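The lines below spell out each chain.
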Amino acid sequence: MVAALRSTDGGATILSWGQAGDRPVPGDYDNDGKNDFAIYRGGVWWILRSSDGGYSSSTFGLSTDTPIQTAYIPFTVRANKCAGYRLHFFI
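Asks: So what's going on with the overall build of the protein? Residues and values would help.
Replies: Assigned secondary structure in the protein consists of zero helices and eight strands. Listed by position from the N terminus, the elements making up the protein come as β-β-β-β-β-β-β-β. The buried share among the 91 residues of the protein stands at 23%. Expressed as a percentage of contacts within the protein between residues at least 6 apart in sequence, the contacts between residues at least 24 apart total 23%. Of the roughly 6300 Å² that the protein leaves accessible, carbon and sulfur atoms contribute 57%.

The following block contains the structure:
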């Protein structure tokens, strides 16, 4: 996967990161005010932090879940969090 982010000076950051089939889920996961490169692969979130250049991974959900990235805490400084949903039917 190749991703591009616009920086604050109007330039572009281009990075080849991930594998075919990964889902891009960019967001500010480290709460530094900048989007982080992030991908979701089979129940694992991989996040490349803009604050320090390090990466982290977190297992959350099942491989069939659909990833949803957003800030869930109202009225505070917002950082993106990992979440997902799956459809259930009850009979």
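Asks: Tell me about the sheet that holds strand β5 (residues 44-48), residues and numbers included.
Replies: Taken in spatial order, the four strands make up an open sheet running β3-β4-β5-β6, and their pairing is antiparallel. If you trace the sheet from one side to the other, it starts and ends with β3 (23-24) and β6 (55-59), each paired once. Both strand β4 (residues 37-41) and β5 contribute to a ladder of five bridges, which runs antiparallel. By the bridge assignment, Phe37 is partnered in β5 with Leu48.

Asks: Report on the nonpolar core, specifying residues and quantitative values.
Replies: One finds Val25, Tyr29, Ala38, Tyr40, Trp45 and Ile47 forming the largest nonpolar core, which totals six residues. Setting aside chain neighbours within four positions, we find Ala38 in contact with Trp17, Arg23, Pro24, Val25, Pro26, Tyr29, Trp46 and Ile47.

Parameters and conventions
- Residue numbering note: each chain is counted from 1, following its sequence as written.
- Selection of residues for local features in this predicted model requires a pLDDT of at least 70, selection of side-chain atom pairs for listing and counting requires 80 or more, and totals for whole chains, interfaces and linings are taken over all residues.
- Each side-chain value is derived from all of the structure's non-hydrogen atoms; neither hydrogens nor water enter the calculation.
- For helices the rule is a DSSP run of H or I covering at least 4 residues; for strands it is a run of E covering at least 2, with both sets numbered from the N terminus onward.
- Between buried and exposed lies partly exposed: a residue is buried under 20% and exposed over 50% of the maximum accessible area for its type, with that area taken using a 1.4 Å probe on protein chains only.
- By the convention used here, residues are in contact when the closest approach between their heavy atoms is within 4.5 Å.
- Only the protein chains shown count as cover for residues, and the accessible areas themselves come from Shrake-Rupley with a 1.4 Å probe.
- Note: two strands are recorded as paired if DSSP finds a minimum of 2 bridges between them.
- We define the nonpolar core as a collection of buried residues of types Ala, Val, Leu, Ile, Met, Phe, Trp, Tyr and Cys that are connected through side-chain atoms lying within 4.5 Å of one another.

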